[in-house]
Amino acid sequence: MKLSMSLGEAIAGRRSIGRVKQDPVDKQQIEALLDAANWAPSHHATEPWRFFVMTGGGRQKLADAYADIAAEGAAGSAVEELETIRSKAAGKAFRAPVVIAVAVSPSDAPSVNRMEEFAAAHSAVQNMLLAAHGLGLGTIWRSGEPMYHPRMKQAFGLAPSDELVGLVYVGYPDMQLLPGKRRPVSEKTVWISE
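Residues numbered from 1 in each chain as written. Predicted model: local features only at pLDDT ≥ 70, side-chain atom pairs only at ≥ 80, totals over all residues. Heavy atoms only, no water.

Any chance you could break down the packing of helix α3 (residues 60-73) against helix α4 (residues 79-91) for me, citing the residues and the numbers?
Interhelical geometry of α3 versus α4 gives an angle of 140° and a closest axis separation of 7 Å. Comparing the axis directions of α3 and α4 gives the class oblique. By crossing handedness, the relation of α3 to α4 is classed as right-handed. Within the contact between the two elements, α3 uses A63, Y66, A67, D68, A70 and A71 and α4 uses L82, I85, R86, A89 and A90. Looking at side-chain class alone, the contact of α3 with α4 contains nine nonpolar, no polar and two charged residues. (Axes fitted to C-alpha atoms, helices over the stretch in contact; angles between N-to-C directions. Helix = DSSP H or I, 4+ residues; strand = E, 2+ residues; numbered from the N terminus. Parallel < 35°, antiparallel > 145°, perpendicular 65-115°, else oblique. Left-handed = near helix turned anticlockwise from the far one by under 90°. Contact = heavy atoms within 4.5 Å. Nonpolar A, V, L, I, M, F, W, Y, C, P; charged D, E, K, R; others polar.)

Structural data, given as structure tokens:
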């Protein structure tokens, strides 16, 4: 699937899109995002990223994990209040028609640094976000405490050494994109020539 803009345009123009339409996203477009993610760099060519694509009723897996984690945090609440808490947390899984959970499955080879495996998985997410923008899709990379909870790992059948690195919500934008702002790169750069 051909992207609709140059790489420079995609990098400078991409924004986190927190509101998307519930219209289905074509499977070919989702596969294009996964393919872009799969071309991320990885030290020692370990390709440690893993993807869990949830659409339709498949998002219930994420909803159940969100609800269980929220309920654990609200232990001792009244039954009605607990159901409200569970329902609100579960609703997070349905904010987009597609949710892609991205995990890292670090290599245990002695020459592989675990931190580099996370960097590779994060690079895969960035590739996915850029490809989505190039295809006219809106995305937001979500994380937060529930993502790191053991119940979330259990939901996706992750091994003890595996970790989720992001939940990428995908759909067609349903909000105005604001222009990006960055401080000049010169404020963040030190040139060393000798």
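So much for the structure itself; the text now carries on.
Please provide a residue-by-residue account of the sheet that holds strand β1 (residues 49-55), values included.
Taken in spatial order, the four strands of this open sheet run β1-β2-β4-β3, and their pairing is antiparallel. Looking at which strands have only one partner, the edges of the open sheet turn out to be β1 and β3 (138-142). Here the average twist between neighbouring strands, direction ignored, is 20°. As paired elements, β3 and strand β4 (residues 163-171) share five bridges and run antiparallel to each other. Its bridge partner lying in β4, W141 is registered against V168. Of the strands in this sheet, β1, β2 (98-104), β3 and β4 touch helix α5 (residues 114-134), which is tilted by about 0° from β4. (Pairing = 2+ DSSP bridges.)

Run through the pairing of β2, naming residues and quoting values.
Burial of β2 is extensive: seven of the seven residues sit out of reach of the surface. Across the two faces of β2 the burial is the same, with V98, I100, V102 and V104 and V99, A101 and A103 all buried. Note that β1 and β2 share seven bridges and pair antiparallel. Each residue of the ladder has a partner; that of W49, found in β2, is V104. Two elements, β2 and β4, share seven bridges in a ladder whose sense is antiparallel. Bridge pairing in β4 places I100 opposite V168. (Buried < 20%, exposed > 50% of the residue type's maximum accessible area, 1.4 Å probe, protein only.)

Account for the pattern of salt bridges, naming residues and giving values.
Enumeration over the complete set of coordinates arrives at four salt bridges. Of the charged contacts, one joins D68 and R151 as a salt bridge, the two residues approaching to 2.8 Å between their closest N and O atoms. A residue pair is termed long-range when its members are at least 10 positions apart, and D68 in helix α3 and R151 in helix α7 (residues 150-155) qualify at 83 residues. With relative accessibility at 28%, the residue D68 sits in the partly exposed group. Between R183 and E187 there is a salt bridge; the shortest N-O distance is 3.1 Å. (Salt bridge = Lys/Arg side-chain N within 4 Å of Asp/Glu carboxyl O.)

Give a detailed account of the packing of helix α2 (residues 27-38) against α5, specifying residues and quantitative values.
As a packed pair, α2 and α5 sit with axes 7 Å apart at the nearest point and diverge in direction by 140°. In terms of orientation, α2 and α5 fall into the oblique class. Crossing of α2 over α5 shows right-handed handedness. Two secondary-structure elements touch here, α2 through L33, L34, A36 and A37 and α5 through A124, N127, M128, A131 and A132.

Explain the packing of aromatic side chains residue by residue, including any values.
All told, the structure shown has one aromatic pair when counted by the stated rule. Both rings, one in F52 and one in F156, keep their centres 5.2 Å apart while their planes meet at 45°; by these two values the pair is tilted. A residue pair is termed long-range when its members are at least 10 positions apart, and F52 in strand β1 and F156 in the loop between α7 and β4 qualify at 104 residues. In this arrangement the basic side chain of R95 is found over the ring face of Y169, its NZ or CZ atom lying 5.0 Å from the centre. (Phe/Tyr/Trp six-rings, centres within 6.5 Å; stacked < 30°, edge-to-face > 60°. Lys NZ or Arg CZ within 6 Å of the ring centre and 35° of its normal.)

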